[in-house]
Amino acid sequence: MKKNFRVKREKDFKAIFKEGTSFANRKFVVYQLENQKNHFRVGLSVSKKLGNAVTRNQIKRRIRHIIQNAKGSLVEDVDFVVIARKGVETLGYAEMEKNLLHVLKLSKIYQEGNGSEKETTVD
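Let us look at the structure shown here. Remember, predicted model here, so these are calculated numbers, not experimental data.

### So, helix α1 (residues 10-19)
Three or more residues of α1 are buried, namely Asp12, Phe13 and Ile16. The arc enclosing the buried residues of α1, seen along the axis, measures out at 100°, which places them on a common side. Among the exposed residues of α1, those pointing more than 90 degrees away from its buried face are Glu10, Lys11, Lys14, Lys18 and Glu19. On its buried face, α1 sits against β2 (28-34), β3 (41-46) and β4 (78-84).

Here you go:
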């Protein structure tokens, strides 16, 4: 994912947390805030409690890949931060995708308009 699609600065993270709205399920929390750009930006947060650097980086790579695959169905003018909760480190890719897309649907960031994804439910 290109750098202009990422939230990188601490100032931006703080603004999203302070002024934005949050949505959650058992594995992820998503904070969102509208932006003035013509594309979305995403920030990732994976705690050291989830594992060592290798594990955390693997989780972040998977989240980025899921978002990249869903790029066409994401709303354009929003900044959002994805926070991984305890238990994500044990999920396979398919389960992680299912849970992340579920919380993005709750937040109305992900909208199945093109029919490329199938409907899933999360326990």
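Back to the text.
### So, the pattern of salt bridges
Under the counting rule described, the total for this entry stands at six salt bridges. When the shortest N-O distance is used, the salt bridge between arginine 41 and aspartate 12 registers 3.5 Å. Of this pair, arginine 41 sits in strand β3 while aspartate 12 is found in helix α1, placing the two residues 29 residues apart along the sequence. The same class applies to arginine 41 and to aspartate 12, which are both buried. Between aspartate 79 and arginine 41 there is a salt bridge, with its nearest N and O atoms 2.9 Å apart. Of this pair, aspartate 79 sits in strand β4 while arginine 41 is found in strand β3, placing the two residues 38 residues apart along the sequence. The class of aspartate 79 is buried, set by a relative accessible area of 7%.

### What about the environment of lysine 49?
Mapping lysine 49 onto the fold places it in the loop between β3 and α2 (53-69). Residue lysine 49 is classed as exposed on the basis of its relative accessible area, which comes to 69%. A C-alpha to C-alpha distance of 21 Å links lysine 49 and glutamate 97, two positions 48 residues apart in sequence.

Conventions used here
- Residues numbered from 1 in each chain as written.
- Predicted model: local features only at pLDDT ≥ 70, side-chain atom pairs only at ≥ 80, totals over all residues.
- Heavy atoms only, no water.
- Buried < 20%, exposed > 50% of the residue type's maximum accessible area, 1.4 Å probe, protein only.
- Helix = DSSP H or I, 4+ residues; strand = E, 2+ residues; numbered from the N terminus.
- Arc of directions from axis to C-beta.
- Contact = heavy atoms within 4.5 Å.
- Salt bridge = Lys/Arg side-chain N within 4 Å of Asp/Glu carboxyl O.

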